[in-house]
Amino acid sequence: MQTATAPPALTVVVYVAAFALVLFRMSRPQRISTARLWVAPSLLAFVGIWVIYVEQHVTPSPIWELVVAVVAGVLLGAPLGFLRGAHTPVQATESRGVMTLGSALVPALIYVTAFAARLLLRVIFPIGSTVGVVVGDGLLVFAIAFLAVSYFAIYRKYIALE
């Protein structure tokens, strides 16, 4: 039985389009509600946990390596996320619970680079490589921590404005 796989060129086009969309959206000021502020980090955390869980069943790695990768991802992502949140301009709007976030091109580049590096690891290391899986999981946790902590810092700035 043959399995269908996406052509490599199509996969690259999809990733480039997704990265371009993220960079475009984050490089412009945007209105966002405080409720919607938590949707992206929650969804990304759920997907990240699921991906790590599935990868551990497909390519099991020693638990200590996974723990080190997760801790390193959090330790690197949280401070950068806090800096992003601290330096993102936040303005309250006339609507309660809605804010305007300033552009954040540099943080968007950091965020996209983490996912691009994870994708590159998939190309460099063979399928089933423990090193590729563990480092990729660390990069995934980095991106999640970066986004969650930055939105927490942004939320605190918004609360201070009210």
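Please read these numbers as outputs of a predicted model, since none were measured by experiment. (Residues numbered from 1 in each chain as written. Predicted model: local features only at pLDDT ≥ 70, side-chain atom pairs only at ≥ 80, totals over all residues. Heavy atoms only, no water.)

Colleague: Mind showing me how you'd approach the pairing of strand 1 (residues 30-33) here?
Modeller: Two faces belong to every sheet, and in a regular strand the side chains alternate between them. Where burial is concerned, the two faces of strand 1 differ: the one with Gln 30 and Ile 32 is buried and the one with Arg 31 and Ser 33 is not. As paired elements, strand 1 and strand 3 (residues 98-101) share four bridges and run antiparallel to each other. Considered in strand 3, the bridge of Ser 33 is made with Val 98. (Buried < 20%, exposed > 50% of the residue type's maximum accessible area, 1.4 Å probe, protein only. Helix = DSSP H or I, 4+ residues; strand = E, 2+ residues; numbered from the N terminus. Pairing = 2+ DSSP bridges.)

Colleague: Looking at this structure, how should I read the packing of helix 4 (residues 63-87) against helix 6 (residues 130-161)?
Modeller: A pair of packed helices can be characterised by two numbers: the angle between their axes and the separation between those axes. At a minimum axis separation of 6 Å, helix 4 and helix 6 run at an interaxial angle of 30°. Regarding the angle of helix 4 to helix 6, the classification is roughly parallel. In the crossing of helix 4 with helix 6, the sense of the turn from one axis to the other is right-handed. Here the contact of helix 4 with helix 6 is composed, by residue class, of 19 nonpolar, eight polar and four charged. (Axes fitted to C-alpha atoms, helices over the stretch in contact; angles between N-to-C directions. Parallel < 35°, antiparallel > 145°, perpendicular 65-115°, else oblique. Left-handed = near helix turned anticlockwise from the far one by under 90°. Nonpolar A, V, L, I, M, F, W, Y, C, P; charged D, E, K, R; others polar.)

Colleague: How should I be thinking about the packing of helix 3 (residues 39-58) against helix 6 in this particular structure?
Modeller: Viewed as axis vectors pointing N to C, helix 3 and helix 6 meet at an angle of 165°, and their least axial separation amounts to 9 Å. Compared by their axis directions, helix 3 and helix 6 come out roughly antiparallel. The hand of the helix 3/helix 6 crossing is left-handed. Contact residues: helix 3 offers Ala 40, Pro 41, Leu 44, Ala 45, Gly 48, Val 51, Ile 52, Glu 55 and Gln 56, while helix 6 offers Val 133, Asp 137, Leu 140, Val 141, Ala 143, Ile 144, Leu 147, Ala 148 and Tyr 151. Partitioned by chemical class, the residues of the contact of helix 3 with helix 6 number 14 nonpolar, two polar and two charged. (Contact = heavy atoms within 4.5 Å.)

Colleague: Whenever I open this one, the packing of aromatic side chains confuses me. Can you help?
Modeller: What characterises a pair of aromatic rings is the spacing of the ring centres plus the angle enclosed by the ring planes. In this structure the tally under the stated criterion is three aromatic pairs. Consider the rings of Trp 38 and Tyr 155, whose centres lie 5.6 Å apart with planes at 65°: the pair is edge-to-face. Taken together, the residues span a long stretch of sequence, with Trp 38 in the loop between helix 2 (34-37) and helix 3 and Tyr 155 in helix 6 at a distance of 117 residues. Relative to Phe 146, the ring of Phe 142 lies with its centre 6.1 Å away and its plane at 20°, an arrangement referred to as stacked. A residue pair is termed a helical-turn pair when its members lie 3 or 4 positions apart in one helix, as Phe 142 and Phe 146 do in helix 6 at four residues. (Phe/Tyr/Trp six-rings, centres within 6.5 Å; stacked < 30°, edge-to-face > 60°.)

Colleague: Explain the side chain of Arg 84 to me, please; I cannot follow it from the model alone.
Modeller: As for its position among the elements, Arg 84 is in helix 4. Residues within four places of Arg 84 in sequence aside, it is in contact with Met 26, Ala 104, Pro 107, Phe 146, Leu 147, Ser 150, Tyr 151 and Ile 154.

Colleague: For this particular structure, what's the right way to read the pairing of strand 3?
Modeller: Relative to strand 3, strand 2 (residues 90-92) is paired through three bridges, and the arrangement is antiparallel. In the sheet register, Gln 91 faces strand 3, and the bridge partner there is Thr 100.

Colleague: What am I meant to see in the nonpolar core here?
Modeller: Grouped burial of nonpolar side chains is what soluble globular proteins tend to show. Of all hydrophobic cores here, the largest spans 20 residues; its most connected members are Val 90, Met 99, Leu 101, Tyr 111 and Ile 154. Mapped onto this core, the elements with two or more residues apiece are helix 3, strand 3, helix 5 (105-124) and helix 6. Sorting elements by how many residues they give to this core places helix 6 first, with 10 residues. Apart from residues no more than four positions distant in its own chain, Met 99 is found in contact with Gln 30, Arg 31, Ile 32, Thr 34, Leu 37, Val 90, Gln 91, Thr 93, Ile 154 and Tyr 158. (Core = buried A, V, L, I, M, F, W, Y, C linked by side-chain atoms within 4.5 Å.)

Colleague: Teacher, can you tell me more about the sheet that holds strand 2 here?
Modeller: Strand pairing in a sheet is mediated by backbone hydrogen bonds. Such pairs are either parallel or antiparallel. Strand order in the open sheet formed by three strands is 1-3-2, with antiparallel pairing between adjacent strands. On the outer flanks of this sheet lie strand 1 and strand 2, each paired with one strand and no other. With direction set aside, neighbouring strand axes in the sheet form an average angle of 35°. Sheet strands in contact with helix 6 are strand 2 and strand 3, and its direction is about 40° off that of strand 2.

The values reported here are purely geometric and, on their own, carry no functional implication.
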